[in-house]
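Coordinates in review
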Amino acid sequence: MTPNYPPVGMRNAPVFRQIYRENIIPIQEAIAVDWDNRLQMPVSFHYLGRSYEILELIGVYPDASSVSTLTFLARTPYGVCAIYLDPGVLHAPNLSNRPGQWVLHYFIEEDSAQSEVDMLVEMKLKQIADFHGHLCPDLVIGYRAAQYALTRLEVKLALPYLRVSVENNTSAVDAIQMLTGCTPGNQRLSIRDEGKHVYVFQVSDQHGLCLTLAAPGQEVPAEFLSIEQKIQAGAASLDEAAAYQYLLDARVSYLLKLPIEALFEMRWVETAWQEAPLSSDIRKCDGCGEPVIGSRLINLHGRRLCQSCLASRRTINAN
Ligand SMILES: [Zn+2]
Ligand SMILES: [Zn+2]
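Residues numbered from 1 in each chain as written. Chains lettered and ligands numbered in written order. Predicted model: local features only at pLDDT ≥ 70, side-chain atom pairs only at ≥ 80, totals over all residues. Heavy atoms only, no water.

Helices and strands together make up the secondary structure of the chain, namely 10 helices and 16 strands. A sequence separation of at least 24 residues applies to 59% of the contacts in the chain between residues at least 6 apart. (Helix = DSSP H or I, 4+ residues; strand = E, 2+ residues; numbered from the N terminus. Contact = heavy atoms within 4.5 Å.)

Here it is as structure tokens:
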């Protein structure tokens, strides 16, 4: 899957929510850090006579106010904390030779209360988010599309003749698979990545229910997009990553609450499912010699070629 929301794994979303709410315990003390040169990250630090092993490096963030400082967000056995390098250290020619001047910025308060988003999310969506790795807007779009289509088409999951075509390769696809049982592997999910939130659910050979994301659902706030760009470029500060979690939560809530008619445009469409049965037969390609499922080989002047060999033959012929 695309690295669409790097800093907000399911497990770490509460951490960013707490930072956003400033539910932190400020420390601001110098600490000694063990820096691993091979991993290029801190592996433990020492503070008030206690050793803190870093179990997970959640993220590394440039400081918004100073380009020369990096903040490391790390999970330790005693909680999640933010530590940063004093700018003076970073200016030194060799970082690894000066591991002393680190600062323990703050600890993050444990979030015992269930977040608003968790309360909004029903069990099935929680399971889907677990499978997918996090809760994100695209996942909700796929979830709502599949949930609606199953009800509208009165489909029981066990029905083997439900088929789905989707025109994107986003997180939505995971929700569709979990809810419908249609997967690329069982040949009942066709994915053509055109970057469109278009979903066709069909129970007959002739027509299907087509859901297209309606215009209001596409109005992603400009602030959201600008932080997302920064995160993808690795240029977002920790505070911005936290703000992004807040905006993500807001968008997830919005998409969950939006009436289905406002979320999708719906129509019945003519469909023709491209049936391409797989054979059990495996043969060698006459070009590269690799074993290929027989029904996927293409006959060219008496030679049976795989897709890659056929494509390269075409390229050679074109030149
Ligand atoms: Zn996702
Ligand atoms: Zn080949």
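Looking now at the pattern of salt bridges. What the rule picks out here adds up to seven salt bridges. Residue Asp249 is joined to Arg17 by a salt bridge in which the shortest nitrogen-to-oxygen separation is 2.4 Å. One end of the pair, Asp249, is in helix α8 (residues 238–257); the other, Arg17, is in helix α1 (residues 13–20), and 232 residues separate them in sequence. Each member of the pair, Asp249 together with Arg17, is buried. Taking the shortest distance from any N to any O, the salt bridge between Lys230 and Glu240 comes out at 2.7 Å. On the criterion of sequence distance, the pair formed by Lys230 in helix α7 (residues 222–232) and Glu240 in helix α8 is long-range, its members being 10 residues apart. For Lys230, a relative accessible area of 36% corresponds to the partly exposed category. The network of salt bridges with shared partners includes Glu167, Arg192, Glu194 and Lys196. (Salt bridge = Lys/Arg side-chain N within 4 Å of Asp/Glu carboxyl O. Buried < 20%, exposed > 50% of the residue type's maximum accessible area, 1.4 Å probe, protein only.)

Our focus in this paragraph is the coordination of the zinc ion (ligand 2). Taken together, the protein donors to the zinc ion (ligand 2) comprise Cys285 (SG), Cys288 (SG), Cys306 (SG) and Cys309 (SG), at separations of 2.3 to 2.4 Å. Coordination at the zinc ion (ligand 2) is tetrahedral: its four donor atoms span angles of 102 to 116° at the metal. (Donors = N, O, S within 2.8 Å, 3.2 Å for Na, K, Ca; no water. Tetrahedral: all angles 85-135°; square planar, octahedral: opposite > 155°, others 65-115°.)

Glancing now at the nonpolar core. Residues Leu125, Leu135, Tyr199, Phe201 and Phe264 are the most contacted members of the largest nonpolar core, which totals 38 residues. At the level of secondary structure, the elements contributing two or more residues to this core comprise α4 (123–132), α5 (137–152), β8 (163–166), α6 (172–180), β10 (198–202), β11 (207–213), α8 and α9 (260–263). Take this core: its biggest share by element is eight residues, from α5. Among all residues touching Phe264, those that are not within four sequence positions of it are Ile141, Arg144, Ala145, Leu211, Thr212, Leu213 and Ala214. Within the second largest apolar cluster, 17 residues are counted, among which are Met41, Ala74, Cys81 and Leu85. (Core = buried A, V, L, I, M, F, W, Y, C linked by side-chain atoms within 4.5 Å.)

What follows is about the environment of Ile260. If you trace the backbone, Ile260 turns up in helix α9. A residue is classified by how much of its surface remains accessible, and Ile260, at 12% relative accessible area, is buried. Spatially, the C-alpha atom of Ile260 lies 9.8 Å from that of Ala214, the residues being 46 residues apart in sequence. Ignoring anything within four residues of it in the chain, the contact list for Ile260 reads Arg144, Tyr148 and Met266.

Take a nonpolar patch on the surface next. A surface patch of nonpolar side chains, about 260 Å² in accessible area, is lined by Leu278, Ile282 and Ile293. Among the structural elements, Leu278 can be located in the loop between β12 (264–270) and β13 (282–284). Residue Leu278 is classed as partly exposed on the basis of its relative accessible area, which comes to 45%. (Patch = residues over 30% accessible without salt bridge, like charges linked within 9 Å, V, L, I, M, F, W, Y side chains within 5 Å. Areas by Shrake-Rupley, 256 points an atom, 1.4 Å probe, with all protein chains shown as cover.)

Here we come to the sheet that holds β12. In spatial order, the strands read β9-β8-β10-β11-β12; together these five strands make up an open sheet with mixed pairing. Edge positions in the sheet fall to β9 (189–191) and β12, since each of these pairs with one other strand and no more. When the angles between neighbouring strand axes are averaged without regard to direction, this sheet yields 20°. (Pairing = 2+ DSSP bridges. Axes fitted to C-alpha atoms, helices over the stretch in contact; angles between N-to-C directions.)

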